[in-house]
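Observations on chain architecture
Listed below are the residues making up each chain.
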Amino acid sequence: MRGRIGNKLKIFFLIAAISYTSTDSFGQFYVGGKLCVGSTTPTNPSLPPTQNTDCSEPTAFFDTEKNATAWLWDFGDLTTTADISTVRNPKYNYARPGKYTVTLTHTVSGVLQAPLTKEITISSPPTQPLFFNKKKGDTTVCDGKTLKLDPYKSQLGIAPKGAKFLWFPKGQTTQTIDVDSAGCYSVEVFDSLGACSRTAQINVKFCLQQSGGGGSEKWYFGKGATLDFRTQGSPVLPKDTLADSGDLFGKPQQTDPIFIPADATKSNPIDSPEGTAMVYDPFGALLFYTDGVKVYGKDDKPLAAFPPLTNSDLGGTNTATQSSVIIPKSACNECQHHAYYVFTINKTTGLLSYSIIDTRRNNGEGAVVEKDIPVNFQTSQRLTAIRTQDETGYFIYSHDAGTNTFRILKIDSTGTKEIVQNIGLVHSDTTSQKGYMRLSGTGAKMAIAVSIGGKNYIEVYDVDGATGRLGSSPITIDLGIAAPPYVYGVEFSEDEQKLYITLRGNPKKGETSYLYQLNLNLKDPVQIASKKIEIDKSKTQAYGALQMGPISGVGKKFIYMAVDGSRILPYISEPDFVGNASFVGYQPINSGFGADVLGNSGFGFPNVIQAKPKQEGEGLSATYTGTCQGLPTVFETEGVCSPMKGEVTWDFGDGTAGTGKSTSHTYEKSGRYIVKLTVVVYSETVISKNVNIPILGNTLKEKCKEFNVTDTLYIKPSPVLNLPDSAFVCVIEGATLLLDPKIQRAYNPIYLWNPTKETTPTITISALGNYSVKATNKFANNTTCAATDKIQIKEGCEPRLFTPEIFTANKDNLNERFEIPNAHITDFELRIFNRWGEIIFESNDPDRLWDGTYHGKVMAPMMYAFVVSYKSKYFPYREKITRRGGIMLIN
C-alpha cells in the first residue's frame with residue numbers, strides 16, 4: 001500500500017512525542033513536553049513497543065534564537081550536578097515535583113549574551129487510569145447495550161483530587177462516559193494544574209455491530225481544485241468449488257478494481273500554487289487538510305484555536321514546492337490518530353516548524369493546540385516519507401539545502417531515530433531545490449530531481465526497507481536537457497521499473513515543458529537518458545508534479561500530472577508499459593478525456609496520509625480443508641465476538657451434525673452440500689462476574705445473540721480401486737499376471753504403479769513381490785482426489801495331471817506303461833481295477849506306474865478302470881482332487 005507523504009521539508013524533531021500542555025515561548029527559549037516528574041528507568045528492550053507502557057515524557061527546551069551558536073542550560077535542579085546541557089534543544093527528566101528556575105546562557109554572533117531565565121512548575125502525575133486493571137484493555141459487549149467507561153472503577157470510582165479528564169474521540173471532560181458503538185476509546189487524566197497527565201485506552205467491540213463507512217480519497221490542491229476517484233470494474237470472482245480448502249460464509253472475492261478519475265462534485269477553500277497536505281482516518285474519512293497557512297476540518301472550515309492560542313493560523317507559506325505535511329502523533333496508551341503534527345515552512349524565516357492538532361478538542365472536531373514551533377535551523381526544500389514495514393511508524397526523508405546530505409528519521413511509538421547520509425550530487429544552488437523527491441510505492445526506490453549549473457539530473461536510489469537507509473551507489477542520470485526548463489515532477493510506475501518526469505518551463509519566457517518516460521530496466525544511466533521517451537510537451541502550459549493516485553486502496557492506478565492554471569488534468573493510464581503516449585495510455589488535456597478538478601491546478605499535488613484501514617469488530621467466518629469423498633473434511637471457526645463465550649454447532653448438509661470450533665466429517669457421497677454454522681454467544685450476568693463462576697454449564701449465562709450462516713460445499717468424487725489382497729503367479733514356469741484395479745468413480749484418472757513406476761490403467765507382472773497403484777482424479781483446477789490399493793504377488797502354480805486313454809505292454813519299448821504326466825501335486829494315489837472291481841494295482845508315488853501286469857503276468861487286453869487322486873502343492877488348503885476313468889491295455 002502506498003503510504004507516502006510529501007516532499008521538500010527537513011525534520012529533526014524537538015522530541016519524539018511532544019505533548020502540548022505548555023504553549024508559551026518564554027523570551028528566547030521554548031519550554032514544552034509534559035511539565036511532569038519523568039521516569040529515568042529505560043524501557044525493556046526485549047519487549048515490543050506496545051508493552052513498554054511507561055509513557056512519561058521529559059520536559060523539552062529549545063532556543064529560538066536563530067543566530068545562537070553555543071549554549072549552556074541550567075535546569076535548576078539542586079538535587080544533582082548533572083542538570084546542565086550544551087545543545088540547542090535539550091530534554092530533561094525532573095525527579096521531584098516543585099518549582100525550578102531554568103537558565104539559558106547563549107552566544108549570539110560571537111557575543112556572550114545575558115542569561116535568560118524562566119520559572120517552571122513540575123507536577124507529579126495523577127494515579128494511573130486503568131480499564132479492567134490494564135493500561136490498554138479490550139472488551140466485547142452485546143450490540144444494543146451501553147457500556148459505561150470509568151478509568152477509576154478499580155478504585156471504587158474515586159479519582160485523584162482535582163483531576164481533569166479528556167476523552168478520545170469526542171473530547172468529553174467527565175470522569176465517565178457511556179459508549180454504544182465499537183471503536184478505540186482513550187482518556188487522558190491531568191493533574192489539577194493541567195500540565196502532567198497519564199493515559200489509558202480500551203478497544204470496545206459490540207458483538208457484530210456494523211461499522212460505519214468513512215469515505216473515499218480526494219485530493220485538494222491549486223485554487224479550489226478537487227480530484228475525485230471512483231472504481232471501475234471489480235467483478236466478483238467465481239468461487240472455486242473444486243478447491244481443496246477455502247473460506248466459508250465470507251464475502252465473495254472481487255478482482256482488483258481500476259481507479260479512474262471522477263468529475264469533482266464540489267470545490268474547496270484551498271488556494272496554493274504549490275503543495276498541500278491531507279490526512280484521512282482509518283476508515284477513509286477526511287480529517288484535516290492544509291495549504292501551510294491554514295488548516296481546515298472536514299467541513300471545509302478553518303479549525304479552531306485552543307486557548308491560550310487566539311487564532312489557528314499556522315504561520316507557514318503556500319509557495320514552497322511542498323509547503324506542508326501532516327503526520328500522526330505517536331501514541332502511548334492512547335488511541336492512534338488522536339493528535340497530528342502539521343509541519344510547515346515558516347513564512348518569514350523559511351525554516352521548518354510544526355503545529356499540533358488535537359482531535360479531541362472542540363467537541364471532537366479538532367483544534368490547533370500549539371503552532372509554529374521551530375524544529376531546527378537547517379533549511380530544506382524537500383521531504384518525503386513512507387510507512388515503516390511493520391506499519392507502526394514512518395520513515396521521513398529530507399535533503400539539506402546546498403549539500404548532498406540526506407536525513408532519514410524513523411518515527412514510531414518508541415520515539416525517533418535519525419540517520420545522516422552524505423551521498424549523491426551536491427545541491428549547490430537554489431534551482432537544485434525546486435524539484436520533487438519521491439519514494440516508489442513499496443519504498444524500495446527513491447528518485448530526486450536536481451538542476452545544477454544549467455543541467456538537469458535524476459538520482460535514483462535503492463532503499464533498505466528494514467533500516468530506511470539509501471544505497472550508497474545511486475544511478476545519476478544526466479537528462480541531456482539544458483536548464484531551464486527545470487526538472488520538477490517525478491513518479492514511479494507501479495512495477496517501479498519506469499520513472500516519469502516533468503521539466504517545468506515558463507511559457508511567458510518561451511520555455512517548453514516536457515513529460516518523459518525513463519526506462520530504469522536499462523540500468524546504465526547513459527542508456528536511460530539517451531532512450532528517454534517523450535510523452536508530451538507544450539509551449540503554452542507549465543507542467544508540474546506527477547503523482548499516482550489514489551494513495552490508498554489496492555488496484556490499478558493512474559499517474560496524474562499537475563498543469564498550472566488548468567481545470568483539466570492529463571493522466572497516464574498504463575504506466576507500467578514502455579513506449580510513447582499511445583502505449584502508456586496518455587490522456588492529454590486536448591483529448592477531452594482528462595480529469596475535471598472543478599478548480600484550477602497549481603504546480604503541486606497534496607501529500608496524502610491515510611491511516612492503515614481498520615475494521616472494528618469481527619465477522620462470522622470459517623474455513624474448510626479437504627473436499628474428497630470418503631476422506632475427512634475439517635471445519636474450523638474462530639467463533640465470533642471473542643472473548644465472549646459461545647456454543648458452535650455445524651450442520652454438514654447430509655443429515656449429520658457436529659459441534660465445536662474445530663470438527664471433522666467424512667462425506668460418503670460426492671456432490672453439493674449446504675453447510676450451516678450456528679453460533680450462540682453468551683455474556684456474563686452480574687452474578688456470574690461477582691461470584692467468578694464459569695459461564696457455560698450453569699444457569700448464569702445470558703444469551704446475547706444467535707448467528708446462523710450457510711454456504712455451499714462441493715465434495716469431489718474419489719476413485720475406488722478393487723485389487724485383491726493377493727494373487728499367485730507360476731513364476732518358475734515363466735507365467736505372467738494382468739493387474740487390473742477395476743476402477744470406479746474415475747474422473748480423468750492418473751495412475752502410478754509401484755515399484756514398476758508404470759502409469760497405465762493395468763500392468764502385466766512376472767515377478768513376485770508387493771505391488772501398489774495410486775489412482776488420482778484430476779479436476780479442472782488441478783486439484784485432485786486420490787486412492788491407493790495394493791496386492792501381494794506370491795509364487796503359486798496350479799496342479800496339473802494327465803491320464804492317457806491307452807498304452808501297450810508288448811515289450812517294444814514304446815508306451816509300455818500307464819504314464820500319468822503331472823506337476824505341482826502332492827498326496828498322489830492311484831488304484832486300478834479289473835472287471836470284477838478287484839484292485840490289481842495301486843501306488844502312492846507318481847513315478848511308480850502300472851506296466852499292465854498283475855502278479856507278474858500281463859493282463860488280458862481290455863479296458864481297466866482307475867481312480868487317481870492328489871492335492872495341490874501350492875494350495876494345500878484345497879480339497880483333494882479325484883479323477884475316475886478307464887485305460888485300454890493292448891498287448
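Along each chain, residue indices are assigned from 1 in the same order as the chain's sequence is written. Two thresholds apply to this predicted model, a pLDDT of at least 70 for residue-level local features and 80 or more for giving and counting side-chain atom pairs, whereas whole-chain, interface and lining totals are computed over all residues. Each side-chain value is worked out from all heavy atoms of the structure, with water and hydrogens disregarded.

Thoughts on the overall build of the chain
- Per the secondary structure count, the chain includes two helices and 69 strands.
- Using a 1.4 Å probe on the protein chains alone, a residue whose accessible area is under 20% of its type maximum counts as buried, one over 50% counts as exposed, and one in between counts as partly exposed. For the chain, the proportion of its 891 residues judged to be buried stands at 51%.
- Here, residues are in contact when the closest pair of their heavy atoms is within 4.5 Å. A sequence separation of at least 24 residues applies to 63% of the contacts in the chain between residues at least 6 apart.
- Here, Shrake-Rupley sampling with a 1.4 Å probe gives the accessible areas, and only protein chains in the shown set may cover a residue. Total accessible area on the chain is roughly 40,200 Å²; 51% of this is exposed by carbon and sulfur atoms. Going along the chain from the N terminus, every DSSP run of H or I of four or more residues is numbered as a helix, and every run of E of two or more is numbered as a strand.

Side note on the sheet that holds strand 34 (residues 445-452)
- In this scheme, strands are said to pair when DSSP sees at least two bridges between them. Read across the open sheet, the four strands follow the order 33-34-35-36; overall the sheet is antiparallel. The outermost strands of the open sheet, each flanked by one partner alone, are strand 33 (437-439) and strand 36 (475-482). Neighbour to neighbour, the strand axes of the sheet diverge by 15° on average, direction disregarded. Structural elements are reduced to axes, namely lines fitted to C-alpha atoms, with helices fitted over the stretch in contact, and the angle between N-to-C directions of any two is expressed from 0 to 180 degrees.

Brief notes about the packing of aromatic side chains
- Working definition: rings of Phe, Tyr and Trp (its six-membered ring) pair if their centres are within 6.5 Å, and the pair is stacked with planes under 30 degrees apart, edge-to-face with planes over 60 apart, and tilted otherwise. Inspection of the entire model under this criterion finds 37 aromatic pairs.
- Geometrically, the ring pair formed by Phe 75 and Tyr 92 is stacked, given 4.8 Å between the ring centres and 20° between the ring planes. Remark: Tyr 92 occurs in strand 6 (residues 91-92) and Phe 75 occurs in the loop between strand 4 (68-74) and strand 5 (84-85); sequence separation between them is 17 residues. For the pair Phe 75 and Tyr 92, one class covers both residues: buried.
- For the ring pair Tyr 289 and Tyr 296, a centre distance of 5.2 Å and an interplane angle of 20° mean the geometry is stacked.

Thoughts on empty space enclosed by the protein
- Both site types are read off a 1 Å grid over the protein atoms alone. A 1.4 Å probe that fits but cannot get out defines a cavity, while an open set with protein on both sides within 12 Å along at least five of seven lines defines a pocket; lining residues have an atom within 4 Å of a point. Grid points are joined across faces, edges and corners, and a volume is the space filled by probe spheres set on the points. On inspection of all chains with the given rule, the structure shows two cavities of 30 Å³ or more.
- Quantified by volume, the second largest cavity comes out at close to 30 Å³.
- Taken together, Lys 239, Thr 241, Ala 243, Tyr 624, Thr 627, Thr 712, Leu 713 and Tyr 714 form the lining of the second largest cavity.
- The biggest single contributor to the lining of the second largest cavity is strand 54 (residues 701-715), with three residues.

Let's talk about the nonpolar core
- Residue types Ala, Val, Leu, Ile, Met, Phe, Trp, Tyr and Cys, when buried and joined through side-chain atoms within 4.5 Å, form a set referred to as a nonpolar core. If you look at the biggest cluster of nonpolar residues, it comprises 47 residues, and the most contacted ones within it are Trp 219, Ile 458, Ile 477, Leu 499, Ile 501 and Tyr 560.
- By residue number, the principal contributor to this core is strand 37 (residues 486-492), which donates four residues.
- Discounting residues that sit within four places of it in the chain, Leu 499 has contacts with Ala 447, Ile 458, Val 460, Glu 491, Phe 492, Tyr 516, Gln 517, Leu 518 and Leu 520.

With respect to the sheet that holds strand 42 (residues 558-563)
- The strand order across the open sheet formed by four strands is 41-42-44-45, and the pairing between neighbours is antiparallel. Each having just a single partner strand, strand 41 (543-549) and strand 45 (586-587) make up the two edges of the open sheet.

A few points about the confidence of the model for the chain
- Per-residue confidence for the chain gives a mean pLDDT of 86; residues scoring 70 or more make up 89%.
- pLDDT: the predictor's confidence for each residue, scored from 0 to 100. Here residues 1-27 is a poorly scored stretch, pLDDT under 50, and it has 160 contacts once near neighbours within four places are set aside; other chains count.
- Confidence over residues 685-699 falls short of pLDDT 50; this stretch has 20 contacts with residues more than four positions distant or in other chains.

Section: the pairing of strand 17 (residues 225-232)
- Bridge count between strand 16 (residues 218-223) and strand 17: four bridges; the pairing is antiparallel. In the strand pairing of strand 17, Tyr 220 is matched with Thr 226.
- Hairpin geometry of strand 16 and strand 17 is characterised by an intervening segment of one residue between the two adjacent antiparallel strands and by a positive phi of about 70° at Gly 224.

Re the pattern of salt bridges
- When a carboxyl oxygen of Asp or Glu is within 4 Å of a side-chain nitrogen of Lys or Arg, the pair counts as a salt bridge. Following the criterion strictly, the structure yields 21 salt bridges and no others.
- When the shortest N-O distance is used, the salt bridge between Arg 360 and Glu 188 registers 2.9 Å. Residue Arg 360 is located in the loop between strand 27 (352-358) and strand 28 (367-374), and its partner Glu 188 is located in strand 14 (residues 183-190); the two are separated by 172 residues in the primary sequence. Of the two residues examined, Arg 360 and Glu 188, each falls in the buried class.
- Residue Lys 266 is joined to Asp 300 by a salt bridge in which the shortest nitrogen-to-oxygen separation is 2.7 Å. Here the residue Lys 266 occupies a position in the loop between strand 19 (258-262) and strand 20 (271-272), and Asp 300 occupies one in the loop between strand 23 (295-297) and strand 24 (304-305), the gap between them amounting to 34 residues.
- Via salt bridges that share partners, Glu 188, Glu 334, Asp 358, Arg 360 and Arg 361 belong to a single interconnected network.

Some remarks on the environment of Leu 72
- Structurally, Leu 72 can be placed in strand 4.
- For the pair Leu 72 and Thr 107, spaced 35 residues apart in sequence, the C-alpha separation works out to 9.1 Å.
- Apart from the residues within four sequence positions on either side, Leu 72 is in contact with Ser 85, Thr 86, Thr 103, Leu 104 and Thr 105.

Some remarks on the side chain of Glu 370
- Relative to the helices and strands, Glu 370 resides in strand 28.
- We classify Glu 370 as buried; its relative accessible area is 1%.
- Nitrogen and oxygen atoms within 3.5 Å of one another constitute a polar contact, given that in protein one can donate a hydrogen and the other can accept it, and given that sequence-neighbouring residues count only through two side-chain atoms. Only 2.5 Å separates the side chain of Glu 370 from the side chain of Tyr 30, close enough to count as a polar contact.

Quick notes on the environment of Leu 112
- Locating Leu 112 in the fold gives a position in strand 8 (residues 111-112).
- For the pair Leu 112 and Ala 68, spaced 44 residues apart in the sequence, the C-alpha separation amounts to 9.5 Å.
- Ignoring any residue separated from it by four or fewer positions in sequence, one finds Leu 112 in contact with Thr 105, His 106 and Thr 107.

Some words on the side chain of Gln 547
- Note on placement: Gln 547 falls in strand 41.
- Residue classification places Gln 547 among the buried positions, given a relative accessible area of 2%.

Describing unusual backbone geometry
- Here the bond from Pro 307 into Pro 308 is cis, since omega is 15°, no more than 30 degrees from zero.
- Of note, Pro 308 is situated in the loop between strand 24 and strand 25 (324-328).
- A cis amide bond links Ala 483 to the next residue, Pro 484, at an omega of 0°.
- Following the sequence through the fold, Pro 484 ends up in the loop between strand 36 and strand 37.
- Unusually for a residue other than glycine, Lys 811 sits at a positive phi of about 65°.
- When you line up the elements, Lys 811 lands in the loop between strand 62 (806-808) and strand 63 (822-823).
- For Lys 811, a relative accessible area of 70% puts it in the exposed group.

Concerning the environment of Thr 105
- Here Thr 105 is to be found in strand 7 (residues 98-108).
- Residues Thr 105 and Pro 115, spaced ten residues apart in sequence, show a C-alpha to C-alpha distance of 4.6 Å.
- Excluding residues within four positions of it along the chain, Thr 105 makes contact with Ala 70, Trp 71, Leu 72, Leu 112, Gln 113 and Pro 115.

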